[in-house]
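# Commentary on secondary and tertiary structure
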Amino acid sequence: MEIFIQQLVNGLFLGSIYALMALGYTMVYGIIKLINFAHGDIYMIGSFIGYFLINQFNMGFFPALILSMLGSAVLGIVIEFLAYRPLRNSTRIAALITAIGVSYLLQNTMIYFFSSTTRPFPQVIPLQTYHIGFLQVSNIQLLILGISLLLMILLNLIVQKTKMGKAMRAVSVDADAAQLMGINVNRTISFTFALGSALAAAGGMMIGLYYNSIEPMMGYIPGLKSFIAAVLGGIGLIPGAAIGGFVIGLIETLTTALGFSDFKDAVVYAVLILILLVRPAGILGKNIKEKV
């Protein structure tokens, strides 16, 4: 039982990273109905930006985190402008294939310039372990959970309380009607990509600090699982993405605790299938009938 509870706690920390990434997927889908499969690679690039800022300029973790988020936000805007905006009125399959192509382009560009070798992420925050009864929690884990929750709260405030957040909600409901009301749709979509990319970069830096390693292919599997988390919670819904991320993290750690670590990915996909059989729209999603 003690191991089980410990793994539940560990799952919360891992799930917070998946939740941050899933938020990027769900926001972009909610706005333009696009699955941005390059999102996991922005998470990887964010970790590399932080790595070089800390190593080359001796920055602290938090200044490097902020600059990494800003740099990745700019990258997200550039990708949207160059790759997705020209295809906005084309078929969904064309946009989907383009997203996969952008993902491979980012991966191979990083491999070309930085090789595929794993690099140790600088441990700018000394590791400390706290014992709370039989539970073991590190300061890095608490930092990850704290930053993740703070970013989720800030995202919710931006979406619910700001003018740009109101524009995002309007565009997600009806882009044409929003444009008639004077909303700049292109700027709103670019802002959405910037927000999602910044959250992914934060996740990439924190996971690099947690596992003490980064490499150009590190975004592929977490990106896929974050997409699953978004679908699991109800894609297009911000609270659903957060819940889905924590659920995926808990499933992974509990599967490992039960001695099936080699099958943890298969268990995640199996749970996704089971939940979608019962609730096709996800945990918080609602089935909406579309007119033909």
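Keep in mind that this is a model prediction, so the values were computed, not measured. (Residues numbered from 1 in each chain as written. Predicted model: local features only at pLDDT ≥ 70, side-chain atom pairs only at ≥ 80, totals over all residues. Heavy atoms only, no water.)

### A few points about the overall build of the protein
Formally: Numbering of helices and strands starts at the N terminus; helices are DSSP runs of H or I of at least 4 residues and strands are runs of E of at least 2. Only protein chains enter the accessibility calculation, which uses a 1.4 Å probe. A residue is then buried if its area is under 20% of the maximum for its type, exposed if over 50%, and partly exposed in between. Contact criterion: two residues are considered in contact whenever any of their non-hydrogen atoms come within 4.5 Å of each other. When charges are counted, Lys and Arg are positive and Asp and Glu negative, with His and the chain ends excluded. In plain terms, the charge of a residue is placed at NZ if it is Lys, CZ if Arg, CG if Asp and CD if Glu.
Secondary structure assignment for the protein yields eleven helices and two strands. For the protein, the N- to C-terminal ordering of α and β elements is α-α-α-α-β-β-α-α-α-α-α-α-α. Each of the 292 residues in the protein was classed as buried or not, and the buried ones make up 48%. A separation threshold of at least 6 residues defines the contact pool for the protein, and within that pool the share at least 24 residues apart is 75%. Treating the 16 positive side-chain charges of the protein as one cloud and the 10 negative ones as another, the clouds have centres 14 Å apart.

### With respect to helix 2 (residues 39-57)
Since the α-helix advances by 3.6 residues per turn, residues separated by three or four positions end up pointing in the same direction. So the rule is basically this: Multiplying 1.5 Å by the helix residue count minus one yields the expected span of that helix.
With 19 residues, helix 2 should cover 27 Å at 1.5 Å per step; its first-to-last C-alpha distance of 27 Å lies within 8% of that length. In terms of burial, helix 2 is largely enclosed, as 14 of its 19 residues are buried. Just beyond helix 2, the residue with positive phi is Asn58, at close to 55 degrees.

### Focus on the packing of helix 1 (residues 2-32) against helix 2
In plain terms, the rule: Angles run from 0 to 180 degrees between N-to-C directions of axes, and those axes are lines fitted to C-alpha atoms, restricted for helices to the stretch in contact. What sets the label is the angle itself: under 35 degrees gives roughly parallel, over 145 gives roughly antiparallel, 65 to 115 gives roughly perpendicular, and the rest give oblique. Helix crossings are classified by the rotation of the near helix relative to the far one: an anticlockwise turn of less than a right angle makes the crossing left-handed, while a clockwise turn makes it right-handed. Each residue is assigned to one class: nonpolar for Ala, Val, Leu, Ile, Met, Phe, Trp, Tyr, Cys and Pro, charged for Asp, Glu, Lys and Arg, and polar for all the others, Gly among them.
Relative to each other, helix 1 and helix 2 sit at 125 degrees, their axes nearing to 10 Å. For the element pair helix 1 / helix 2, the angle class is oblique. The way helix 1 lies across helix 2 gives a crossing that is right-handed. The segment helix 1 lies against helix 2, with Ile17, Met21, Gly24 and Tyr25 engaging His39, Gly40 and Tyr43. By residue class, the composition of the contact of helix 1 with helix 2 is four nonpolar, three polar and no charged.

### Things to note about unusual backbone geometry
Trans peptide bonds make up most of the peptide bonds, and negative phi angles are found at most residues other than glycine. In the Ramachandran plot, Lys33 falls in the positive-phi region, its phi being about 55 degrees despite a non-glycine side chain. One can find Lys33 in the loop between helix 1 and helix 2. For Lys33, a relative accessible area of 34% gives the class partly exposed. One non-glycine residue, Asn58, lies in the positive phi region at around 55 degrees. Mapped onto the fold, Asn58 is located in the loop between helix 2 and helix 3 (61-84). For Asn58, a relative accessible area of 67% corresponds to the exposed category.

### Details of the pattern of salt bridges
Which entries qualify depends on this criterion: Any carboxyl oxygen of Asp or Glu that lies within 4 Å of a side-chain nitrogen of Lys or Arg is treated as forming a salt bridge with it.
This model, assessed by the stated rule, comprises four salt bridges. With a shortest N-O distance of 3.0 Å, Arg85 and Glu80 are connected by a salt bridge. A relative accessible area of 0% places Glu80 in the buried class. Because the salt bridges share partners, they merge into one network encompassing Glu80, Arg85 and Arg88.

### Here we look at the UniProt feature "transmembrane region" (unreviewed entry) in the protein
Operational definition: UniProt positions are given in the numbering used here, feature names are shortened, and annotations may be inferred rather than shown by experiment.
Here the UniProt-annotated "transmembrane region" (unreviewed entry) positions come out as residues 12-32, 60-82, 94-114, 134-159, 189-211, 227-254 and 266-285. Secondary structure content for residues 60-82 is 96% helix and 0% strand, and the end C-alpha separation is 33 Å. Structurally, residues 189-211 is divided into 100% helix and 0% strand, and its ends, taken at the C-alpha atoms, are 33 Å apart.

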